[in-house]
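Results of the structural survey
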Amino acid sequence: MVEDNKNDKNIIEESVDFDMPGEAADSPEEDIAETEPEISGDSSEISEENDSKDEKTDIHAGEESKSKADEEIDFQAVEKELRSNGARFMAGASMGVFAGIFAVGAFAARPAYSESEKRALAEKPEFSINGVLDGSYFTEFEKWFSDTVPFKENLLGMESKMEAFYGVGGESYYGNKSDVVEDTIPETAESLAPIVTLETKAQEETQKETEDMYQSLVETNADGTLKVDTEPKEEVEVTGEQAGNIYVSNNKAYEIFYYNQGGSVKYASVLNTVKAMLPEVNVYDILVPNSFGVELDPSLQEELGSGNMQDAFNYIFSMMDPEIHRLSVFDTLYAHKDEYIFFNTDHHWTGLGAYYSYRTFCEEKGIKPHELSDFQYVDYSGFYGTFYFATNRNESLKANPDHVEAWIPMGTNDMVATDENGQTFKANIINDVSEANAGRKYNCFIKGDNAFTVINNPQITDGSSCVVVKESYGNAFVPFLVDHYQSVYVVDYRYYRDNLTQFIRDNGIQDLIFVNNVQAITEKVSDEILSVFS
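Note that the coordinates shown come from a computational prediction; the quantities given were computed from them, not determined experimentally.

A word on the packing of aromatic side chains
Counting across every chain of the model gives 26 aromatic pairs. Here tyrosine 284 and phenylalanine 361 contribute two aromatic rings whose centre-to-centre distance is 5.0 Å and whose plane-to-plane angle is 65°, an arrangement assigned as edge-to-face. Of this pair, tyrosine 284 sits in strand β6 (residues 282-288) while phenylalanine 361 sits in helix α13 (residues 351-365), and the two are 77 residues apart along the sequence. Accessibility classification places tyrosine 284 together with phenylalanine 361 in one group, the buried group.

Focus on unusual backbone geometry
The backbone of asparagine 250 sits at a positive phi, close to 55°, despite the residue not being glycine. Positive phi values are uncommon outside glycine, yet lysine 447 reaches one of about 60°. With respect to the secondary-structure elements, lysine 447 resides in the loop between β11 (424-428) and β12 (452-456). Lysine 447 sits in the partly exposed class, given a relative accessible area of 37%.

Quick look at the confidence of the model for the protein chain
Confidence in the prediction for the protein chain averages 76 pLDDT; 63% of positions are at 70 or higher. Confidence over residues 158-170 falls short of pLDDT 50; this stretch has 15 contacts with residues more than four positions distant or in other chains. Counted against residues more than four places away or in other chains, residues 199-243, with its pLDDT under 50, gives 103 contacts.

With respect to the sheet that holds strand β14 (residues 487-492)
Read from one edge to the other, the open sheet built from eight strands follows the order β7-β6-β15-β13-β14-β12-β10-β11, with strand pairing classed as mixed. The sheet is open, and its two borders are formed by β7 (325-327) and β11, each paired with just one other strand. Averaged over neighbouring strand pairs, the angle between their axes works out to 20° when direction is ignored. In the sheet, β12 pairs with β14 via five bridges, with the strands oriented antiparallel. For asparagine 456, the partnering residue across the bridge sits in β14 and is serine 487.

A few points about a nonpolar patch on the surface
Together, Phe127, Ile129 and Leu133 line one region of the surface with nonpolar side chains, adding up to about 390 Å² of accessible area. With a relative accessible area of 68%, leucine 133 lands in the exposed category.

Points about the side chain of aspartate 402
Structurally, the position occupied by aspartate 402 is in strand β9 (residues 402-408). Side chain to side chain, aspartate 402 and tyrosine 340 meet in a polar contact 2.7 Å long. Other than its neighbours up to four places away in sequence, aspartate 402 contacts Tyr340, Phe343, Asn344, Thr345, Asp346, Ser381, Gly382 and Phe383.

Cut-offs applied
- Residues numbered from 1 in each chain as written.
- Predicted model: local features only at pLDDT ≥ 70, side-chain atom pairs only at ≥ 80, totals over all residues.
- Heavy atoms only, no water.
- Phe/Tyr/Trp six-rings, centres within 6.5 Å; stacked < 30°, edge-to-face > 60°.
- Helix = DSSP H or I, 4+ residues; strand = E, 2+ residues; numbered from the N terminus.
- Buried < 20%, exposed > 50% of the residue type's maximum accessible area, 1.4 Å probe, protein only.
- pLDDT = per-residue confidence, 0-100.
- Contact = heavy atoms within 4.5 Å.
- Pairing = 2+ DSSP bridges.
- Axes fitted to C-alpha atoms, helices over the stretch in contact; angles between N-to-C directions.
- Patch = residues over 30% accessible without salt bridge, like charges linked within 9 Å, V, L, I, M, F, W, Y side chains within 5 Å.
- Areas by Shrake-Rupley, 256 points an atom, 1.4 Å probe, with all protein chains shown as cover.
- Salt bridge = Lys/Arg side-chain N within 4 Å of Asp/Glu carboxyl O.
- Polar contact = N/O pair within 3.5 Å; in protein donor to acceptor, adjacent residues only side chain to side chain.

See the structure below:
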């Protein structure tokens, strides 16, 4: 038991040593004695004094509590007043903003033309009782009201700048590639694409059908303005040569290529049909790649869901009649991919890219090409193309504008064009676009897209002639042909409505040249091309 008590004492002492720091652990009794207060005098006096102090403390505490309560009440009143004033201010500001928007929308001058979309805007409908009854008036009015919002161009530009502040730029993707399913590219065709036989009635129906469906796909009107659907879209889409999904990297935009099996077979079939209809004519088919297929690394193309463009060309050519001269010009442009052969902000190739392809054509035809130094050179700066506007004025593209290089033909710079409405006018092959709108400078080449264009070179009198069937890529290619033919005829299959087969026969045309970029290889486009030969 004694030993247990000793152990308990040791435990207590160890506990004190653990809890008390410094010297207090060595002599706890001394420290306690030193800290005890000395008590003297009558304890009742001390009690009364303490009671008095407690009473004063309670009074002081009550006054302090009342003071704090008053301060809290005052603070709440101030806070309530501030909130009330803030609410009034926000309400007033909101009413002012809405009033301003209403005033701008109701009284500000509404634009009639969109510089970014390069098209005429919707016109205000005329009021009519029938339109009100059937609802068409309100539909057209709403369309006009939303399409002609004042300062719309400025607001879009501000939106693009705001996007740049929160990280948009550098590498971007516009579109919805999850909805795109690319077909597998076969290695080679087992047989040639079939020849299409059209009856007169079927031809008329086909032409009417493709004419209607292409109103939303064609790139430009006769004056060079862009035809686009005015209905709002959830995804970015450039109308024209199927420019739907756009990839932006390093201040340059690229149109993503997706292979389509049905379109490829139909395109080859159309070319075979034309050759069968015109066996005596030399038929050339120039398939032009775009910047996406030429300039971007193949692994990146695959990552973006695209097939190999060169493989697609090889397969299409394998379905064509061997009598057709087939030029993909892929290898040609790839050899010059570090040069300015494609625009930064537009889906077209440049004049230089067209020139290198012209040299390939000359090699296939067996004629000597002219050197660039043989021509008069012009250069027009400040060009922003379809990609820039389709990406809502991407800031990285804005920082990298294009310029249009062109080489004026030596024999003549004169031409006569007929627009889609049948109006004929004179123009230049290479036009001065130094004062043109930033989005229209590609119209430097043969005055944009017209149904039919005639170029006669007075320096050549051998009776040579060719017909170029093209979309807008062909515009930059045509000027280089001028000094090799007495007559060059240009047909834009999106607008031409006469019988081209009969024209070729009547005028003894020797060469028929198709110039199409890869995005035009679709079934719809093929139907449109075939319709002009019937």
